[in-house]
Amino acid sequence: MNSITYTIEELPKVAKEILNADKSNCLLFYGDLGAGKTTLIKEIVKQLGSTDRVSSPTFSLVNQYEAKENTIFHFDFYRIEDEEEAYDIGFEEYLDTNAYKLIEWPEKIKNLLPENCTEIEITKTTENKRTLKLLR
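On a predicted model such as this, the values are computed, not experimentally measured, just so you know.

1. Considering the overall build of the protein chain
Phase 1 of the analysis: Counting its secondary structure elements, the protein chain contains four helices and seven strands.
Phase 2 of the analysis: Of the regular secondary structure in the protein chain, the N- to C-terminal order runs β-α-β-α-β-β-α-α-β-β-β.
Phase 3 of the analysis: On C-alpha atoms alone, the protein chain measures out to a radius of gyration of 14 Å, which is about the 14 Å that the 2.2 N^0.38 rule sets for 136 residues.
Phase 4 of the analysis: Counting only C-alpha atoms and orienting by the principal axes, one finds that the protein chain spans roughly 35 × 30 × 25 Å.
Phase 5 of the analysis: Counting only residues that meet the buried cut, the protein chain has 50% of its 136 residues in that class.
Phase 6 of the analysis: In the protein chain, 59% of the contacts between residues at least 6 apart in sequence involve partners at least 24 apart.
Phase 7 of the analysis: For the protein chain, the accessible area works out to roughly 7500 Å², and carbon and sulfur atoms hold 44% of it.
Phase 8 of the analysis: For the protein chain, the distance from the average site of its 17 positive side-chain charges to the average site of its 25 negative ones is 9 Å.

Laid out in structure tokens, this is it:
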């Protein structure tokens, strides 16, 4: 799966494909505001077996969800001013875990990211469709 256009009804299938393609437990989500990053993350968290309520950690920077076999950390770096803020929440310690790391706005912390993450770019194609590209 390099590029796919999908509707909200197709999210379960898209989430499964992303998880099958991922080899690192680290997913980076790129896209404009309103592109559907958090919506896709909600489905990925569900596919990983969590029944926790998923919401964007815009102000807390990180949310933690528990799944059947793993912990999931969901980061949203939209509001940070510099990478120092990511250090302040102990970001590098999260990277040293086997937990899933789902990161929105990774471009804000590009110098802190591990090299082996799966990069996902989401573009709003129409009101009801999104295009997703797996970059790495």
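2. Brief notes about the state of the cysteines
Phase 1 of the analysis: Counted according to the given criterion, the structure contains one disulfide.
Phase 2 of the analysis: Between the sulfur atoms of cysteine 26 and its disulfide mate cysteine 117 the distance is 2.2 Å. Its S-S torsion of approximately 75° makes the covalent link between cysteine 26 and cysteine 117 right-handed. Taken together, the residues cysteine 26 in strand 2 (residues 26-30) and cysteine 117 in the loop between strand 5 (100-104) and strand 6 (118-124) connect sequence positions 91 residues apart.
Phase 3 of the analysis: Residue classification places cysteine 26 among the buried residues on the basis of a relative accessible area of 1%.
Phase 4 of the analysis: A relative accessible area of 2% places cysteine 117 in the buried class.

3. Topic: a negative patch on the surface
Phase 1 of the analysis: A surface patch of negative charge is lined by Glu81, Asp82, Glu84 and Asp88.
Phase 2 of the analysis: In this fold, aspartate 88 is placed in helix 3 (residues 83-88).
Phase 3 of the analysis: The exposed category is assigned to aspartate 88, whose relative accessible area is 60%.

4. Topic: the pairing of strand 2
Phase 1 of the analysis: Within strand 2, five of the five residues are buried, leaving the element largely enclosed by the surrounding structure.
Phase 2 of the analysis: The pairing of strand 2 with strand 5 spans four bridges and is classified as parallel. Residue pairing across strands places leucine 28 opposite isoleucine 103, the latter belonging to strand 5.

5. Considerations on the environment of alanine 99
Phase 1 of the analysis: As for its placement among the helices and strands, alanine 99 is situated in the loop between helix 4 (91-95) and strand 5.
Phase 2 of the analysis: Filtering out sequence-adjacent residues up to four positions away, alanine 99 remains in contact with Asn25, Asn70, Thr71 and Phe73.

6. Side note on the sheet that holds strand 1 (residues 3-6)
Phase 1 of the analysis: Read across the sheet, seven strands follow the order 1-7-6-2-5-4-3 without closing on themselves; strand pairing throughout is mixed. The outermost strands of the open sheet, each flanked by one partner alone, are strand 1 and strand 3 (62-66). Taken over all neighbouring pairs, the strand axes of this sheet differ in orientation by 20° on average, direction set aside.
Phase 2 of the analysis: Pairing between strand 6 and strand 7 (residues 130-134): five bridges, direction antiparallel. Along strand 7, the bridge assignment pairs threonine 123 with threonine 131.

Rules of the game
- Residues numbered from 1 in each chain as written.
- Predicted model: local features only at pLDDT ≥ 70, side-chain atom pairs only at ≥ 80, totals over all residues.
- Heavy atoms only, no water.
- Helix = DSSP H or I, 4+ residues; strand = E, 2+ residues; numbered from the N terminus.
- Rg over C-alpha atoms; globule rule 2.2 N^0.38 Å.
- Buried < 20%, exposed > 50% of the residue type's maximum accessible area, 1.4 Å probe, protein only.
- Contact = heavy atoms within 4.5 Å.
- Areas by Shrake-Rupley, 256 points an atom, 1.4 Å probe, with all protein chains shown as cover.
- Lys, Arg positive; Asp, Glu negative; His and termini not counted.
- Charge placed at Lys NZ, Arg CZ, Asp CG, Glu CD.
- Disulfide = S-S within 2.5 Å.
- Patch = residues over 30% accessible without salt bridge, like charges linked within 9 Å, V, L, I, M, F, W, Y side chains within 5 Å.
- Salt bridge = Lys/Arg side-chain N within 4 Å of Asp/Glu carboxyl O.
- Pairing = 2+ DSSP bridges.
- Axes fitted to C-alpha atoms, helices over the stretch in contact; angles between N-to-C directions.

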